[in-house]
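Residue-level structural notes
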Amino acid sequence: MARRNESESASGTQALQVPGQQTAEPKKRVAYFYDQNIGNYHYGPGHPMKPHRIRMCHSLVMNYGLYNKMEIYRARPGSKKEMTAFHTDEYIDFLSRVSPDNMEAYAKEQIKFNVGDDCPIFEGLFEYCQLSAGGSMEGAARLNNGSCDIAVNWAGGLHHAKKTEASGFCYVNDIVLSILELLRYHPRVLYIDIDIHHGDGVEEAFYTTDRVMTVSFHKHGEYFPGTGEVRDVGAGPGKYYAVNFPLRDGIDDTTYKSIFEPVIQHVVDWYKPGAIVLQCGADSLSGDKLGCFNLSMKGHANCVAFVKKLNLPLLILGGGGYTMRNVARAWCYETGVAVGQEVGPDMPFNDYYEYFGPDYKLDVKPSNMDNANTVEYLEKIKQQVFENLARSKGAPSVQMQPVPRDLDLSDDEDLDDPEKRIPQRLWDKRVVPENEFEESEDEETNALHGVRYAKSLRHGRASKANNQEQPPRTRGTVDSLPAAATKLSHPTAAGATTATAPSGASSNGQPRQNGTAANGAKAGSAEDLETDGDVVMDSGSATATVPSASATAKDTEMTEAP
């Protein structure tokens with residue numbers, strides 16, 4: 001007989017869970033997106049951005065056995081057509097054509113699109129952008145069709161990219177593309193940014209619409225990108241739907257929690273979003289090469305845990321983070337938060353074990369740096385944020401219309417190896433039940449999942465069982481928001497309704513298609529571990545504007561497809 005949920009009453013009736021409110025944490029279905037090629041790309045010697053950190057994180061995720069708790073997917077790379085739902089055709093065409101071999105022929109375009117020192121041209125640049133954007137868009141699509149509650153793509157979160165230019169190590173804004181996908185089915189989407197840098201690219205994209213509220217907690221002052229003052233609140237129909245919380249150096253766990261939780265809870269209660277996108281930039285951790293905050297790994301992960309408890313569809317993305325070993329630690333731990341399993345503090349043997357010395361622990365401790373954020377300063381900013389929210393209309397009205405029938409899902413069965421009884425695609429989608437106690441010791445199967453074994457007893461055997469512990473500016477905005485929602489390959493009942501764009505908006509792009517399950521192969525060898533100094537990043541200006549996106553119809557409640 002199945003065990004009753006802890007939130008059930010004595011009479012056997014399960015307590016009603018209200019989205020946006022803190023409740024007893026239910027079991028979440030997690031979809032995790034990873035492409036083993038993501039770590040092969042390199043911005044160049046001396047550049048602080050290293051995609052290799054995602055491969056290191058994935059190695060920890062696999063060796064802690066977290067893959068047993070979630071489905072793993074290798075998303076289809078984003079197409080040029082999908083990217084132009086936000087970016088201009090000319091800009092995307094440039095990214096797809098330019099390479100280190102022909103960059104001299106594109107000298108004018110490099111200046112025009114702000115490609116150069118901070119955003120260099122490297123081998124495989126466009127393919128890198130495709131992998132980052134593809135995982136985020138497919139994560140949003142799977143949230144739309146109800147196949148998961150939380151989607152994770154650590155290769156995403158590139159929040160500085162603008163409509164017509166690169167900025168701050170970012171070329172294609174996967175966050176904007178994934179939010180556009182979510183807007184097909186959700187009348188309102190909340191974007192939360194805990195990167196130390198202001199999420200300027202996402203804020204600009206939705207600066208004039210009330211269908212997306214952006215909330216950014218960031219370092220402000222003489223710091224890239226130089227935007228994100230508390231008085232930057234949006235424009236036109238989107239006025240008061242941009243929330244900025246500027247912070248000073250040295251903020252610690254306790255102080256950060258004291259502002260993050262009340263602000264986000266107030267925003268959710270007031271705005272009533274249908275889905276949340278959380279950018280988890282790890283450069284806000286203590287000891288980051290380009291950062292100046294003092295958050296520990298658990299203080300950073302507390303934001304993920306808090307947002308998860310709001311019980312709304314959640315897309316978790318990566319972002320900044322330039323001390324690779326700490327980025328890998330934090331994102332692995334936050335993957336455990338997403339699946340409901342605490343990992344650490346002991347480090348399992350993995351491909352990059354020596355990177356995590358000398359303590360070999362899954363932890364990022366704060367330093368003794370001064371906290372320049374006084375209680376008076378934070379309270380003043382918090383009250384200003386609440387006053388700005390009070391000036392907005394709360395949850396804005398959104399037009400509704402019937403949902404067209406969706407396409408069928410495809411898992412690309414034709415790509416399965418006919419020689420294998422159970423293809424890798426099905427292994428990656430398997431979630432181990434909570435009541436399954438016996439672990440497989442098949443080393444060949446574990447190797448396919450990237451699980452490594454120690455070569456000496458000093459580290460201990462890294463089996464799945466031992467790896468886990470159980471307890472005024474010109475804004476580059478979007479041209480239009482999605483009109484008729486086209487939820488990915490999920491049959492819709494007659495009469496079901498969903499959100500559409502306000503009057504004057506038209507549909508961009510096609511419904512995001514799902515890719516195939518990822519092969520959990522082990523990560524490659526370590527590379528590029530030099531210590532880099534700080535770099536100076538310049539922000540370019542955007543030129544595009546967005547038409548009015550105010551809603552005109554009476555607010556109606558969404559009827560979800562079965």
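Predicted model, so just to flag it, every value in this text is computed and none were measured.

Moving on, we come to the overall build of the protein chain. Within the protein chain, the secondary structure is distributed over 13 helices and 10 strands. Counting all 562 residues of the protein chain, 58% fall into the buried class. Total accessible area on the protein chain is roughly 22800 Å²; 50% of this is exposed by carbon and sulfur atoms.

Glancing now at helix 8 (residues 253-271). Along an α-helix, residues three or four positions apart point the same way, because every turn accommodates 3.6 residues. Between its first and last C-alpha, helix 8 extends 26 Å over 19 residues, near the 27 Å set by a 1.5 Å rise per residue. For helix 8, the set of buried residues is Thr255, Tyr256, Ile259, Phe260, Glu261, Val263, Ile264, Gln265, Val267, Val268 and Tyr271. On its buried face, helix 8 is in contact with strand 4 (189-193), strand 5 (212-219), strand 6 (242-247), helix 9 (297-308) and helix 11 (375-391). Of the residues trailing helix 8, Lys272 is marked for its positive phi of about 55 degrees.

Another point: the sheet that holds strand 2 (residues 71-73). Strand order in this open sheet of 8 strands is 2-1-3-8-7-4-5-6, and the pairing throughout is parallel. The two strands at the open ends of the sheet, each matched to only one other strand, are strand 2 and strand 6. Going from strand to strand, the sheet's axes swing by 15 degrees on average, the running direction of each strand aside. Looking at chain direction, strand 4 and strand 7 (residues 275-279) are connected through 5 bridges and run parallel. Counted as the bridge partner of Val189 is Ala275 from strand 7. Strands strand 4, strand 5, strand 7 and strand 8 (314-317) of the sheet are contacted by helix 6 (residues 174-182), whose axis makes an angle of about 170 degrees with strand 7.

Glancing now at the packing of aromatic side chains. To describe a pair of aromatic rings, you give the distance between the ring centres and the angle between the ring planes. For the structure shown, the criterion picks out 21 aromatic pairs. Arranged with centres 5.9 Å apart and planes meeting at 55 degrees, the rings of Tyr41 and Tyr128 form a pair that is tilted. Highlighted residues: Tyr41 in the loop between strand 1 (30-33) and helix 1 (52-63) and Tyr128 in helix 5 (residues 125-144), separated in sequence by 87 residues. For the pair Tyr41 and Tyr128, a shared accessibility class is recorded, and that class is buried. Centre to centre, the rings of Phe122 and Tyr128 are 5.9 Å apart; their planes meet at 65 degrees, and the pair counts as edge-to-face.

To continue, consider the confidence of the model for the protein chain. Considering every residue of the protein chain, the mean pLDDT works out to 78; 67% of them sit at 70 or more. The low-confidence segment residues 437-441, where pLDDT is below 50, has 9 contacts with residues more than four positions distant or belonging to other chains. Below pLDDT 50 for its whole length, residues 452-475 participates in 62 contacts with residues either more than four positions away or in separate chains.

What follows covers the environment of Asp149. With respect to the helices, strands and loops of the structure, Asp149 is situated in the loop between helix 5 and strand 3 (150-153). Judged by relative accessible area, Asp149 falls into the partly exposed class, the value being 23%. Each C-alpha atom of the pair Asp149 and Leu315 lies 8.6 Å from the other, and the pair is 166 residues apart in sequence.

The next point concerns the environment of Pro120. On the secondary structure map, Pro120 appears in the loop between helix 4 (107-112) and helix 5. Under the relative-accessibility criterion, Pro120 is labelled buried at 12%. When the C-alpha positions of Pro120 and Phe169 are compared, they lie 8.0 Å apart, and in sequence the two are 49 residues distant. Beyond its immediate sequence surroundings of up to four residues, Pro120 is in contact with Tyr43, His47, Val115, Leu125 and Tyr171.

Let's shift gears to the packing of helix 8 against helix 11. One way to put it is that helix 8 packs onto helix 11 with a least axis distance of 11 Å and a crossing angle of 5 degrees. When the interaxial angle is binned, helix 8 and helix 11 end up roughly parallel. In this structure, helix 8 uses Thr255, Ser258, Ile259, Pro262, Val263, His266, Val267 and Trp270 to contact helix 11, whose residues at the interface are Leu378, Lys382, Val385, Phe386, Leu389 and Ala390. Classifying every residue of the contact of helix 8 with helix 11 gives 10 nonpolar, 3 polar and 1 charged.

Attention now goes to the packing of helix 5 against helix 6. The geometry of helix 5 relative to helix 6 is characterised by a closest axis approach of 8 Å and an angle of 20 degrees between their N-to-C directions. Compared by their axis directions, helix 5 and helix 6 come out roughly parallel. The way helix 5 lies across helix 6 gives a crossing that is right-handed. Where helix 5 approaches helix 6, its residues Ser132, Ala133, Ser136, Met137, Ala140, Ala141, Leu143 and Asn144 are matched on the opposing element by Asp174, Leu177, Ser178, Glu181 and Leu182. Here the contact of helix 5 with helix 6 is composed, by residue class, of 7 nonpolar, 4 polar and 2 charged.

Criteria and thresholds
- Residues numbered from 1 in each chain as written.
- Predicted model: local features only at pLDDT ≥ 70, side-chain atom pairs only at ≥ 80, totals over all residues.
- Heavy atoms only, no water.
- Helix = DSSP H or I, 4+ residues; strand = E, 2+ residues; numbered from the N terminus.
- Buried < 20%, exposed > 50% of the residue type's maximum accessible area, 1.4 Å probe, protein only.
- Areas by Shrake-Rupley, 256 points an atom, 1.4 Å probe, with all protein chains shown as cover.
- Expected span 1.5 Å × (residues − 1).
- Contact = heavy atoms within 4.5 Å.
- Pairing = 2+ DSSP bridges.
- Axes fitted to C-alpha atoms, helices over the stretch in contact; angles between N-to-C directions.
- Phe/Tyr/Trp six-rings, centres within 6.5 Å; stacked < 30°, edge-to-face > 60°.
- pLDDT = per-residue confidence, 0-100.
- Parallel < 35°, antiparallel > 145°, perpendicular 65-115°, else oblique.
- Nonpolar A, V, L, I, M, F, W, Y, C, P; charged D, E, K, R; others polar.
- Left-handed = near helix turned anticlockwise from the far one by under 90°.

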